[in-house]
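Working through the structure, step by step
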Amino acid sequence: MFALINHKIFLNIKPTNAMKTLALFMLMLTATLTATAQQFDGVTVGGDISATAAKYKAKGWRAVKTESDYVFLKGAIAGYTDVELMLFSTPKTKKVFKAVVYLPKVSKWSTIKGQYDDFVELMANKYGEPTTVSESFKQPYYEGDGYEESAERNEKVTWRCIWIGQGNLNLIVEISEYMQLKLVYENDENVNLFLKERSSSLTNKFSK
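The model shown is predicted, which means the values in this text are computed figures rather than measured ones.

About the cut-offs
- Residues numbered from 1 in each chain as written.
- Predicted model: local features only at pLDDT ≥ 70, side-chain atom pairs only at ≥ 80, totals over all residues.
- Heavy atoms only, no water.
- Core = buried A, V, L, I, M, F, W, Y, C linked by side-chain atoms within 4.5 Å.
- Buried < 20%, exposed > 50% of the residue type's maximum accessible area, 1.4 Å probe, protein only.
- Helix = DSSP H or I, 4+ residues; strand = E, 2+ residues; numbered from the N terminus.
- Contact = heavy atoms within 4.5 Å.
- Lys, Arg positive; Asp, Glu negative; His and termini not counted.
- Salt bridge = Lys/Arg side-chain N within 4 Å of Asp/Glu carboxyl O.
- Phe/Tyr/Trp six-rings, centres within 6.5 Å; stacked < 30°, edge-to-face > 60°.
- Lys NZ or Arg CZ within 6 Å of the ring centre and 35° of its normal.
- Expected span 1.5 Å × (residues − 1).

Within the largest apolar cluster, 43 residues are counted, with the highest numbers of intra-cluster contacts made by L85, L87, W163, V173 and Y185. Only α2 (49–58), β4 (70–77), β5 (80–89), β6 (96–102), α3 (109–127), β8 (157–166), β9 (169–175) and β10 (181–187) provide two or more residues apiece to this core. Counting residues per element, this core draws most heavily on α3, at 9 residues. Filtering out sequence-adjacent residues up to four positions away, V173 remains in contact with Y116, F119, V120, M123, W159, R160, C161, W163, L181, K182 and L183. Counting 8 residues, the second largest nonpolar core, distinct from the first, contains Y70, Y102, I172 and V184.

Looking now at the side chain of E197. Structurally, E197 can be placed in helix α5 (residues 188–206). Buried within the structure, E197 lacks any salt-bridge partner; its nearest side chain of opposite charge belongs to K92, at an N-O separation of 6.7 Å.

This brings us to the pattern of salt bridges. The full count for this structure, using the stated rule, is 4 salt bridges. With its nearest N and O atoms 3.9 Å apart, the salt bridge here joins E174 to K182. Here the salt bridges share partners, and the residues they tie into one network are R160, E174 and K182.

Next up on the list: the packing of aromatic side chains. Summed over all chains, the structure comprises 8 aromatic pairs. Their ring planes at 65° and their centres at 6.2 Å tell us that F40 and W61 sit as a pair that is edge-to-face. Placement of the pair is F40 in strand β1 (residues 39–40) and W61 in the loop between α2 and β3 (62–67), with a sequence separation of 21 residues. The class of F40 is buried, set by a relative accessible area of 1%. Between W109 and F137 the ring centres are 5.4 Å apart and the planes differ by 65°, which places this aromatic pair in the edge-to-face class. Of the two residues, W109 is situated in helix α3 and F137 in strand β7 (residues 132–137); the sequence distance between them amounts to 28 residues. Comparing W109 with F137, the two get one shared label, buried. Every member of this aromatic cluster is reached through a ring pair, and the members are F40, Y56, W61 and Y185. Between K98 and the ring centre of F88, over which it is positioned, the NZ or CZ distance is 5.4 Å.

Look at α3: 26 Å from first C-alpha to last across 19 residues, which is about the 27 Å you get at 1.5 Å a residue. Following α3 by one or two positions, G128 adopts a phi angle in the positive range, close to 85°.

Right, dumping it as structure tokens:
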């Protein structure tokens, strides 16, 4: 279904600062994933949302918005500033079931496509072929037409790889409509807990 992306070998090319920054970020991400399959920036995706947010704050992340089951933070990692981190929790037990990370916005499709390819290759090397691959443009757009950025902003692009069942972790690498690379970490056990608690809440609300 999916062929792993070939390693790109560039000879006699001096690395740019952006390339060095991405390489450092990927190195740190690899170390994090190797240590524990449910961590981002050294913090486990799965604990109590207040305690998890506090750990990020202790590492320098700044809370932008806090709700009972949602925390939005901004911080820096591996040379990237203004990285956005969103934590989502189960409605009753307040356990983090998902963390969504957005890297800073870029302006060119070639830049974000390069980031995407690098992260997909990183994950594929660790976890194997993705469970699902969706990479397509909707008419009238197509890759190579010179209007890829407009297509992305108009939500006419689906560019996503998903890994399901990596231990207790589900992963998504995606290009968002905001021209940001989006990484999603789901704690599988807590996703099931979220669905169970949400179902119970809806049942209580509509069956009485």
